[in-house]
Amino acid sequence: MAEGQKSRIEADIESLEKGVFTGEEGGDERSTPRKDFIASVAVAVLGIFAMILSVRLGNPESIFTAPGVLPFITGASLVVMGAGLFLKTKRRYGMDEMLAGDSLRTVRNYLSDPEARRTLMLMLVIFAYVMILGQTDLDWRFKTAVYTFRFSGFELISIPFIFFILRFFWRSTLLNCFLVATGIVVFLAVVFRDGFQILLPGAG
Amino acid sequence: MFELQEVLAQAAIAFQPWMIFVCLIGVTLGILWGAMPGLSTTMAMALLIGLSVGMSQHVAIMFMLGVYTGSVFGGAISAVLINIPGTPDAVPTMIEGHALAKRGEGGLALGTAIMGSFMGNWIGIILLIAFIPAILFLALQFRSWEMFLLSMWGIAICGSMSAGDMPIKGWISGWIGLLISFVGLDAIHGVPRFTFGVRILEDGISYIPLLIGLFGLTEILKVLPQYSPPGIPSEVGKVVPPLKKLIGYTRTAVRSGIVGTIIGAIPGAGANVASFLSYDIGRRRAKPEERKKWGKGSYEAIVSAEVANNANVGGSMLPTLTLGIPGNAAAAAILAALEMKNVVVGPTIQTENPGIIFFIYIGLIIANFLMYFMAIALIKPCVKLFSLPRTLLMPLIIPICVMGAFAVSLNYFDVYLMFIAGIAGYILHRFGFPLAPMVLAVILGPLADENLRRALLVFEDRSFWWIISERPIGTILIVIVLYTFYDGIFRRGKTA
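Keep in mind that what you see is a predicted model, and the values were worked out from it rather than measured.

Draft legend 1. Summary view of the overall build of chain A. Helix and strand content of chain A: eight helices and two strands. Beginning at the N terminus, the succession of helices and strands in chain A can be written as α-α-α-α-α-α-β-β-α-α. Taking all 204 residues of chain A together, the buried fraction comes to 41%.

Draft legend 2. Summary view of the interface of chain A and chain B. Counting residues at the interface gives 82 residues for chain A and 88 residues for chain B. For the pair chain A and chain B, the summed buried surface comes to about 7700 Å²; carbon and sulfur atoms form 76% of the total. Inspection of the chain A/chain B interface yields one salt bridge. Connecting chain A to chain B are 10 residue pairs in polar contact (both at pLDDT 80 or more). Residue assignment for the side of chain A that touches chain B shows that the elements contributing at least two residues are α1 (8-18), α2 (33-56), α3 (69-93), α6 (114-135), α7 (153-169) and α8 (174-195) of chain A. Split into classes, the residues belonging to the side of chain A that touches chain B amount to 51 nonpolar, 15 polar and 16 charged.

Draft legend 3. How the structure looks around the domain arrangement of chain A. Taken domain by domain, chain A holds domain 1 (31-111) and domain 2 (114-195). On a C-alpha basis, the centroid separation for the pair domain 1 of chain A and domain 2 of chain A is 39 Å.

Draft legend 4. A look at the nonpolar core. Residues Y68(B), F73(B), I77(B), I172(B), I220(B) and M317(B) are the most contacted members of the largest nonpolar core, which totals 204 residues. For this core, the element with the highest residue contribution is helix α17 (residues 356-386) of chain B, accounting for 20 residues. Three or more residues apiece are contributed to this core by two domains, here domain 1 (31-111) and domain 2 (114-195) of chain A. Beyond its immediate chain neighbours, meaning those up to four positions away, F73(B) contacts I31(B), A113(B), I114(B), S117(B), E306(B), N310(B), M371(B) and A375(B).

Draft legend 5. Local environment of the packing of helix α9 (residues 207-223) of chain B against helix α15 (residues 329-340) of chain B. Residues and elements named next belong to chain B. Where α9 contacts α15, the axes come no closer than 10 Å and their chain directions differ by 150°. Comparing their axes, α15 and α9 come out roughly antiparallel. Our pair here, α9 against α15, has a crossing hand that is left-handed. The segment α9 lies against α15, with Y207, I208, L211 and F215 engaging A329, A332, A333, L335, A336, E339 and M340. By residue class, the composition of the contact of α9 with α15 is 10 nonpolar, no polar and one charged.

Draft legend 6. Region of interest: unusual backbone geometry. Unusually for a residue other than glycine, R171(A) sits at a positive phi of about 60°. Here R171(A) shows up in the loop between α7 and α8. Positioned with a positive phi, L410(B) is a non-glycine residue whose angle comes to about 50°.

Draft legend 7. Up close: the packing of aromatic side chains. Residue and element names in this part refer to chain B. Across all of its chains, the model carries 25 aromatic pairs over all chains by this definition. Measuring from ring centre to ring centre gives 4.9 Å for F118 and Y372, while their planes differ by 50°; the resulting arrangement is tilted. In this pair, F118 is assigned in helix α6 (residues 106-140) and Y372 in helix α17, connecting sequence segments 254 residues apart. Considered together, F118 and Y372 belong to a single accessibility category, that of buried residues. With a centroid separation of 6.1 Å and 70° between ring planes, the pair formed by F358 and Y361 is classed as edge-to-face. Taken together, the residues span about one helical turn, with F358 and Y361 both in helix α17 at a distance of three residues. Exposure class is identical for F358 and Y361. Each is buried. Taken together, F118, W122, F369, Y372 and F373 form an aromatic cluster joined through their ring pairs.

Draft legend 8. Focus on helix α18 (residues 390-409) of chain B. All names here are of chain B. The terminal C-alpha atoms of α18, which comprises 20 residues, lie 31 Å apart, in line with the 28 Å expected from a rise of 1.5 Å per residue. Of all 20 residues making up α18, 18 are buried, and the element is well covered by its neighbours. A positive backbone phi angle near 50° is found at L410, which sits one or two residues after α18.

Draft legend 9. Representation of the pairing of strand β1 (residues 139-143) of chain A. Residue and element names in this part refer to chain A. Pairing of β1 with strand β2 (residues 148-152), which is carried by five bridges, proceeds in the antiparallel orientation. Counterpart to R141 in the pairing with β2 is R150. The hairpin turn running from β1 into β2, its antiparallel successor, is four residues long.

Parameters and conventions
Residues numbered from 1 in each chain as written. Chains lettered and ligands numbered in written order. Predicted model: local features only at pLDDT ≥ 70, side-chain atom pairs only at ≥ 80, totals over all residues. Heavy atoms only, no water. Helix = DSSP H or I, 4+ residues; strand = E, 2+ residues; numbered from the N terminus. Buried < 20%, exposed > 50% of the residue type's maximum accessible area, 1.4 Å probe, protein only. Contact = heavy atoms within 4.5 Å. Buried area = accessible area lost by both parts, 1.4 Å probe. Salt bridge = Lys/Arg side-chain N within 4 Å of Asp/Glu carboxyl O. Polar contact = N/O pair within 3.5 Å; in protein donor to acceptor, adjacent residues only side chain to side chain. Nonpolar A, V, L, I, M, F, W, Y, C, P; charged D, E, K, R; others polar. Domains from an automatic or database assignment. Core = buried A, V, L, I, M, F, W, Y, C linked by side-chain atoms within 4.5 Å. Axes fitted to C-alpha atoms, helices over the stretch in contact; angles between N-to-C directions. Parallel < 35°, antiparallel > 145°, perpendicular 65-115°, else oblique. Left-handed = near helix turned anticlockwise from the far one by under 90°. Phe/Tyr/Trp six-rings, centres within 6.5 Å; stacked < 30°, edge-to-face > 60°. Expected span 1.5 Å × (residues − 1). Pairing = 2+ DSSP bridges.

Have a look at this one:
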């Protein structure tokens, strides 16, 4: 990526060599002072927002059983943690490094990175897939003597979307992408619907 | 006598051919899933919950235990053969195993990993069986105040353990999870909280779509856009689990097993932490001539890592079953599967679900034996699987995420939730926040909220000193919670 970060595996190996564990999730390998600064502000704002909403919940009986007690404490803790993250980042990298850089340029740099563009495109495609599948309601049945073949909205929407994603990322031939997309979607549909009797999304 | 009858009754269910077959399917899927680089144990667990929806209670438990046991081992196969760990906890195995594979000893390295995993599972299961009665007895003494503190400690320690040298990020992730858990009707007064007038939010946010989004979709968004070529598998050779050789490493295996189980029992500390820690302890304690081999292909190092990460399975079940606090994100998926099948986990598990604990013990033992045989049988097919590019495999997981999220309550809102969780998880990852504390907090939030308010009502007319002196378990928990924060702020924070 643009920040030139280490890969997860490299970070893990380095932490092993040092005898220090970097974290279950790969820790802060992708973090930067600027990101930590933005995160600290966002967390503090979220905390304040939660506190306001908690106070507005009111107090039906005793203050001790008020629905906003723990949400208020949680919000207040988040404000403190946001401040803590800010101070920690400031102490570690200094104020200048934390505020360095132009937000617009950072966004532009991010968008110029091919991997970032692919990620955004993938997000959009999955968003479209989820939205369209949510609006679909279809369940065709073809009865034969031995088996009832079914074709639902799940297959109708999933096959073209998976085909598109495969075509874009796997870059195989049109036929290969189509066969894999169709094969896997039909296989999943049969396993879930016929094998485990689970209703599929988009199937009415 | 009563317990023996119960054990035999549960064994009769668990040893039915259908049950063993389902467990075999779970173990096979788990090994294949774990072996695929980029597909983690938690992802396997989160996505396959959807598949367990249509199963009966015992079948679903057997299936999920099979997946869990199989996927923890699976990571070792790709680690040794293609130098890419299938799961993060296989990194130490990768360092040692691939060095051995390059010398033509890949088969022996994998055999050692299989045997180490088998032994690790046994140690985890034995310690689980040994400690459950004591922890259940202790847990039954817990009242509202203690349950609240225990939940908060679970979230705090999970944040500390999963965020490396920035525990504050783990805590923030956990606290955001708490806020998410408050969405919906309040359990005491029925007041809608954080619903913004949206009726569907009044039912609250189910953590299963959240789990699928955070560990399934987020992983796809992280991995798929990186064009990485498929690995070139090393020669496997003959895979013979070297029992005689391993007897020489008994001490290492027992020590690693204990480390793995203890780490597993700490909320948030998963197989990753267990294998790293055990590897590090093993290196320090190895004989000088053996220590020279570490990093260049040491069988003892493989035993250290593999025994620990597999013992972690049994360890993670300990707080999950007795306290309702998952030992790690994968155990959170087990918890979700159990709750979905109306199994009440926590201190009352034995009274509310008689026999289920024995069934889980037996299930883990069966899964361990099946893992041993399937691991040997699946190595060659796995080599074929590694030649498939991730750009082919990852897109195929997208419909599984959608189906899994929808299957839980047949509500399409959960699919939207899964998508939002996936995007949020990706953003949090980019900002260096761990995701496991968030899931744990969403699970523990309602428990913490209800118990705090009950406890505050009980303490209404009491002084602070009364609470401290009359509730010793609570006081000990307060000290532990404060120490967790102190350790995170003043000790671990300074290592950076």
